[in-house]
Amino acid sequence: MLRSAVTGRSVAGQVFLLQVVIVLLLVVSAVVAQVLQVRHDSDQEARNRSLAVAQSFANAPGTAAALRAPDPTAVLQPRAEATRKATGVDFVVVMSTDGTRYTHPNTGRIGQQFVGTIAPAVAGGTVVEEVNGTIGPLTQVVVPVKDHAGKVVGLVAAGITTAHVGGTADQQLPLLLAAAAAAMALATAGTALVSRRLLRQTHGLGPSEMTRMYEHHDAVLHSVREGVLIVGGGGRLLLANDEAQRLLDLPEDAEQRHVLELGLDEETAGLLASGRVATDEVHLVKDRLLAINQRPTDLRGGPPGSVTTLRDSTELRALSGRAEVARERLNMLYDAGVGIGTSLDVARTAEELAELAVPRFADFVTVDLFDAVLKGEEPKPGTALRRAAFSGIRKDAPLYPLGERIRFVSTSPQARSLTTGQAVVEPVLREAPGWHAQDLRRTGQIMAYGIHSLITVPLRAGSLVLGLANFWRSEKPQPFDAEELALAEELVARAAVSIDNARRYTREHSMAVALQRSLLPRSLPDQGALEIAYRYLPAQSGVGGDWFDVLPLSGARVALVVGDVVGHGLHAAATMGRLRTAVHNFSALDLPPDELLGLLDELVGRIDQDETPADGAAVTGATCLYAVYDPVSRRCTIARAGHPPPVLVCPDGEVEFPEVPAGPPLGLGGLPFETVDLELPEGSSLVLYTDGLVEDRDRDIDVGLELLRDALRRTPGASPEETCRTVLDRLPARPSDDVALIVARTRVLGADRVAEWQVPSDPAAVAEVRASVVRQLDGWGLAELSFATELILSELVTNAIRYGRGPIGVRLLRERTLICEVSDGSTTSPHLRYAASTDEGGRGLFLVAQLADRWGTRYTPNGKIIWAEQPLP
């Protein structure tokens with residue numbers, strides 16, 4: 001019987017052969033599918049694992065900061081190796097943006113170039129590629145490392161060989177073959193049993209067997225949970241099981257009727273009548289969503305017509321929709337975490353909240369903040385709010401415009417939210433009388449526009465209420481519900497923290513700016529030696545330590561100072577104030593520029609020593625340029641300490657950079673400063689500036705100096721004010737560093753306003769000098785100053801003859817004041833003292849101090865000069 005079964009000459013034999021073919025096909029298909037699936041799973045697992053490891057390491061706290069550290073390898077190599085061993089990947093490589101490795105499992109390859117594609121990752125994307133490395137075929141992923149500003153500061157690559165994932169195909173192949181052998185054995189045994197049974201019975205099926213088969217078929221057909229329809233070639237319904245009857249709500253006599261006559265909707269009836277192939281097409285039949293599959297029955301020689309299955313997917317779609325909504329809300333909260341608070345600007349942070357929620361959550365979003373919050377101060381309850389942000393699907397909504405001051409009435413939902421500190425939802429604005437009371441005309445316009453639902457949430461940061469966020473709905477007909485209220489509260493809570501941080505920063509920044517402004521000169525002193533214009537531009541962010549000064553000196557001279565303290569913030573501003581005060585004090589001593597810079601250098605060194613932290617890192621450093629111009633001799637003496645060189649614009653328009661020795665920055669100590677004497681033609685301009693004018697992150701200082709030269713060449717004969725405007729026009733509106741600029745055009749004190757005499761070392765010569773001075777004053781029309789001037793000169797010349805050394809000279813300068821100068825070759829300085837009533841002398845300098853507005857001593861290379869100033873009548 002077994003032999004006859006397997007020969008294929010009987011029905012059982014034919015069934016056996018068919019089973020063998022099917023089993024073999026299934027085995028081959030299973031083996032091929034298994035191999036392909038394992039290979040696909042291996043590749044996908046390698047990609048997913050490499051991507052997860054690379055992204056996790058790139059986004060880990062401290063990775064971006066470590067890349068900016070002096071030795072990234074020391075920080076990142078242990079972390080990378082620990083990550084590699086913990087995750088099972090073959091390598092975790094951290095590199096710079098040019099591909100230089102900072103980490104590698106083989107330490108010998110650290111510092112070498114990474115092998116792979118990195119350009120898309122440098123641009124902020126992700127690179128996934130399959131390569132043949134030294135350890136075999138592998139999948140590697142390269143992702144960027146970004147800092148808090150979103151700039152790519154480095155790259156992280158992770159990879160794993162495909163041999164280390166998957167690998168189950170060879171383990172499952174014996175199992176498949178064993179299953180195939182078992183199937184073959186079962187098929188053989190089954191065929192033998194069927195053949196034996198058929199031999200004992202007739203070759204045809206009897207009535208009982210046919211009846212039983214039909215009963216089984218009918219029971220299965222009407223008990224399945226899928227609707228089954230069989231439609232004939234003419235479009236008549238041949239068969240419909242119970243589930244199909246229920247799902248389509250068919251009439252009792254539906255069978256043998258045309259499908260277009262069953263009362264179905266046009267789309268569904270058309271599909272059934274067409275007999276075309278359909279796969280999981282979703283149709284709305286009354287209140288149900290049905291997934292319809294349809295196949296023709298005549299593909300393999302069967303009768304014409306089609307068989308259709310129906311599956312009710314209403315509940316599945318509803319569940320899927322809820323899951324999709326939940327996923328979208330989670331995505332929105334994630335985007336809020338990374339997209340709100342990207343800047344420390346209060347208004348911009350409010351705008352980010354509004355832009356994020358439109359149109360994903362609401363059709364219109366408005367953010368109202370207290371004016372005090374916008375200024376960086378703590379809010380004052382009870383005051384009006386200002387609309388700080390507005391975003392919507394359209395721009396013509398009749399809501400309060402941006403910048404409008406709003407005072408909400410007590411019955412409005414906004415006022416209730418501010419009072420209670422809780423969010424308020426108005427599902428139907430048309431039925432909210434408290435909201436209508438705010439502004440009857442405007443609320444009517446809002447209703448006519450189609451806005452019908454509102455959520456208002458207070459912006460709370462701790463115990464402070466900073467303002468309100470309002471979410472408006474118009475397009476979606478459903479009102480806001482409790483779940484959406486919870487989402488709005490979560491969004492606003494995250495935004496409130498960022499807004500409060502921005503408020504605090506604004507307050508601190510305003511305080512720092514106020515301190516800085518108070519330390520800078522508010523106006524320039526009166527002097528006649530230079531025509532001066534200046535500009536000061538604060539940096540885009542932070543407070544810098546740039547400063548400048550114009551200091552009148554004795555003898556109609558003027559000192560120009562420009563300096564820059566390293567760093568930003570309150571410390572830099574405070575240090576700048578200390579240095580500026582020191583320059584004022586040192587300039588009062590009439591010191592040469594090199595000596596003054598030397599004293600500043602010692603001062604900065606002491607500041608560093610006093611304020612150096614425990615780690616020994618200096619906290620202060622500064623550069624400075626100090627220039628003294630004499631309008632009588634037209635000589636300008638300049639010294640600089642690590643500061644950019646000055647620029648000289650000659651009267652003919654020629655621009656040059658005088659060779660002034662740079663000197664070390666202030667605070668280094670140990671090196672002297674050098675001065676340069678320049679003779680400046682009348683009408684030439686001396687331009688002093690800080691490095692913010694010529695330096696930028698995107699260009700070298702030499703390029704900036706050439707740009708400055710070109711700008712100054714365009715201003716021949718221009719006034720200092722025009723020169724300042726021309727130079728600053730080439731800068732961005734908010735430079736990255738502070739900019740201080742001084743343009744000083746030279747003037748000359750002519751010979752008609754200067755008188756000089758040489759005095760012999762003889763007390764008798766004093767009378768002759770007094771007479772000459774009186775005649776000069778008469779010639780200048782200053783006769784009323786003759787008496788006081790005679791007394792001053794008598795005392796000063798007598799002291800020079802008695803206590804000083806020759807040569808002795810007298811000089812009168814008629815500038816904004818009358819300046820009397822007596823010079824001699826001695827370096828001994830007289831001191832003012834108060835003589836006792838019994839003293840015969842010692843009252844000369846006291847008399848000079850009483851007659852003159854100012855007096856003092858300055859030293860020269862050949863001695864000293866004692867000077868006194870009197871106001872002109």
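Treat the numbers as computed from the prediction; the structure is a model and nothing was measured. By convention here, each chain's residues receive numbers from 1 onward along its written sequence. Thresholds applied to this predicted model are a pLDDT of at least 70 for local features of residues and 80 or more for the giving and counting of side-chain atom pairs; totals over whole chains, interfaces and linings are not thresholded and use all residues. To get the side-chain values, take all heavy atoms of the structure and skip hydrogens and water.

S.K.: Could you clarify how one ought to interpret helix α17 (residues 570–588) in this entry?
M.R.: Numbering of helices and strands runs from the N terminus; a helix is a DSSP stretch of H or I covering at least four residues, while a strand is a stretch of E covering at least two. Multiply 1.5 Å by the residue count of a helix minus one, and that product is the helix's expected span. In this model, α17 (19 residues) spans 28 Å end to end at C-alpha, consistent with the 27 Å of a helix rising 1.5 Å per residue. Among the residues of α17, those classed as buried are Ala572, Ala573, Thr575, Met576, Gly577, Leu579, Arg580, Ala582, Val583, Phe586 and Ser587. Note on α17: the residue one or two positions beyond its end, Asp590, has a positive phi of about 55°. Summary of the burial criterion: residues with accessible area below 20% of their type's maximum are buried, those above 50% are exposed, and those between are partly exposed, where the area comes from a 1.4 Å probe applied to protein chains only.

S.K.: So what exactly am I meant to see when it comes to a nonpolar patch on the surface here?
M.R.: Patch building starts from residues that exceed 30% relative accessible area and form no salt bridge, then joins like charges within 9 Å and nonpolar side chains (Val, Leu, Ile, Met, Phe, Trp, Tyr) within 5 Å. The protein chains shown are the only cover counted for residues, whose accessible areas, like all others here, come from Shrake-Rupley with a 1.4 Å probe. What makes a salt bridge here is a side-chain nitrogen of Lys or Arg within 4 Å of a carboxyl oxygen of Asp or Glu, nothing more. A cluster of nonpolar side chains, namely Leu18, Ile22 and Leu26, defines an oily patch on the protein surface of about 290 Å² accessible area. As for its placement among the helices and strands, Leu26 is situated in helix α2 (residues 11–59). A relative accessible area of 56% means that Leu26 is categorised as exposed.

S.K.: When you look at the packing of aromatic side chains in this model, what are you seeing that I'm missing?
M.R.: The description of an aromatic ring pair uses the distance of the two centres, along with the angle that the planes make with each other. Working definition: a ring pair exists when centres of Phe, Tyr or Trp rings (six-membered ring for Trp) sit within 6.5 Å. Plane angles under 30 degrees give stacked, over 60 give edge-to-face, the rest tilted. In total, this model carries 5 aromatic pairs according to the counting rule given. Ring geometry for Trp435 against Trp472: centres 6.4 Å apart, planes inclined by 55°, an arrangement best described as tilted. Linking Trp435 in helix α14 (residues 433–436) with Trp472 in strand β15 (residues 464–473), this pair joins segments that are 37 residues apart in sequence. Accessibility expressed as a relative area gives 4% for Trp435, which makes it buried. Under the relative-accessibility criterion, Trp472 is labelled buried at 4%. Over a ring means this: the NZ of a Lys or the CZ of an Arg is within 6 Å of the ring centre and within 35 degrees of the ring normal. Directly above the ring of Phe480 sits Arg473, whose terminal nitrogen or CZ lies 4.2 Å from the centroid.

S.K.: What is the right way to read unusual backbone geometry from this model?
M.R.: Backbone geometry follows two general trends: most residues other than glycine have a negative phi, and most peptide bonds adopt the trans configuration. Look at the link from Val358 to Pro359: it is a cis peptide, with omega at -5°. Looking at where Pro359 falls in the secondary structure, it is placed in the loop between α11 (346–357) and β10 (364–370). For Gln256, which is not a glycine, the phi torsion comes out positive at approximately 75°. If you trace the backbone, Gln256 turns up in the loop between α8 (242–248) and α9 (266–274). Phi at Ala556 is positive, roughly 65°, even though this residue is not glycine. Locating Ala556 in the fold gives a position in the loop between β17 (545–552) and β18 (558–565).

S.K.: Quick question: what am I supposed to make of the pairing of strand β11 (residues 385–392) here?
M.R.: One face of the sheet, then the other: side chains in a regular strand alternate in exactly this way. For β11, the buried fraction is high: 6 of the 8 residues fall into the buried class. Pairing of β10 with β11, which is carried by 7 bridges, proceeds in the antiparallel orientation. When the bridges of β11 are listed, Phe364 appears paired with Gly392. A pair of strands is treated as paired once DSSP finds two or more bridges between them.

S.K.: Help me out: how do you make sense of the packing of helix α16 (residues 482–519) against α17 in this one?
M.R.: Between two packed helices, what matters for the description is the angle formed by their axes and the separation of those axes. Contact geometry of α16 with α17 gives a least axis separation of 9 Å together with a crossing angle of 10°. By the criterion of interaxial angle, the relationship of α16 to α17 is roughly parallel. Across from Ala512, Leu515, Gln516 and Leu519 in α16, the residues of α17 making contact are Leu570, Ala573, Ala574, Met576, Gly577 and Arg580. Classification used: nonpolar for Ala, Val, Leu, Ile, Met, Phe, Trp, Tyr, Cys and Pro, charged for Asp, Glu, Lys and Arg, polar for all others including Gly. Among the residues making up the contact of α16 with α17, the classes are represented as 7 nonpolar, 2 polar and 1 charged. Lines fitted to C-alpha atoms define the axes, with helix axes restricted to the stretch in contact, and inter-axis angles between N-to-C directions lie between 0 and 180 degrees. Each angle receives one of four descriptions, namely roughly parallel if under 35 degrees, roughly antiparallel if over 145, roughly perpendicular if within 65 to 115, and oblique otherwise. We call two residues in contact whenever any of their non-hydrogen atoms come within 4.5 Å of each other.

S.K.: Mind showing me how you'd approach the nonpolar core here?
M.R.: The nonpolar side chains of a soluble globular protein tend to be buried, and buried together. By nonpolar core is meant a set of buried Ala, Val, Leu, Ile, Met, Phe, Trp, Tyr and Cys residues that side-chain atoms within 4.5 Å join together. Judged by nonpolar contacts, the single largest core of 52 residues is most densely connected at Trp547, Leu560, Leu600 and Tyr626. With 7 residues, strand β19 (residues 622–630) is the largest single contributor of residues to this core. The contact partners of Leu560, leaving out residues within four places of it in the chain, are Leu530, Ile532, Asp549, Val550, Leu625, Tyr626, Ala627, Leu686, Leu688 and Ala744. In terms of nonpolar packing, the next biggest core, distinct from the first, is built from 45 residues, Leu369, Leu459, Leu487 and Val492 among them.

S.K.: Which parts of the structure should I look at to understand the pairing of β10?
M.R.: Most of β10 is tucked away, with 7 of its 7 residues classed as buried. Burial along β10 is two-sided: Phe364, Thr366, Asp368 and Phe370 facing one way and Val365, Val367 and Leu369 facing the other are all buried.

S.K.: Help me understand the packing of α11 against α16 in this model?
M.R.: Packing of α11 against α16 brings their axes to within 8 Å, and their N-to-C directions diverge by 165°. Considering their axes alone, α11 and α16 lie roughly antiparallel with respect to each other. Classified by chirality, the crossing of α16 by α11 is right-handed. Contacts between α11 and α16 involve Val346, Thr349, Ala350, Leu353 and Leu356 from the former and Leu491, Ala495, Ser498, Ile499, Ala502, Arg503 and Thr506 from the latter. Residue classes in the contact of α11 with α16 are distributed as 8 nonpolar, 3 polar and 1 charged. Handedness of each helix crossing follows the sense of rotation of the near helix against the far helix: counterclockwise by less than a right angle gives left-handed, clockwise gives right-handed.

S.K.: Teacher, can you tell me more about the sheet that holds strand β5 (residues 227–232) here?
M.R.: Adjacent strands of a sheet pair through backbone hydrogen bonds, lying either parallel or antiparallel. One open sheet holds the 5 strands; their spatial order is β6-β5-β9-β8-β7, and the pairing between them is antiparallel. The two strands at the open ends of the sheet, each matched to only one other strand, are β6 (237–240) and β7 (278–285). Strand after strand, the sheet turns through a mean of 25° between neighbouring axes, direction not considered. Lying over the sheet, α9 contacts β5, β7, β8 (288–296) and β9 (305–312), oriented at roughly 150° with respect to β7.

S.K.: Any chance you could explain α16 here in plain terms?
M.R.: Along an α-helix, a turn takes 3.6 residues, which lines up residues three or four apart on a common side. A rise of 1.5 Å per residue sets the reference length of α16, with its 38 residues, at 56 Å; its end C-alpha atoms lie 55 Å apart and thus fit the reference within 8%. At the N-terminal boundary of α16, the capping side chain belongs to Asp481, with an oxygen 3.3 Å from the backbone nitrogen of Glu483. Here a polar contact is recorded for every N or O atom pair within 3.5 Å, except that within protein the pair must consist of a potential hydrogen donor and a potential acceptor, and residues adjacent in sequence are included only if both atoms are side-chain atoms.

These values are about where atoms sit, not about what they do.
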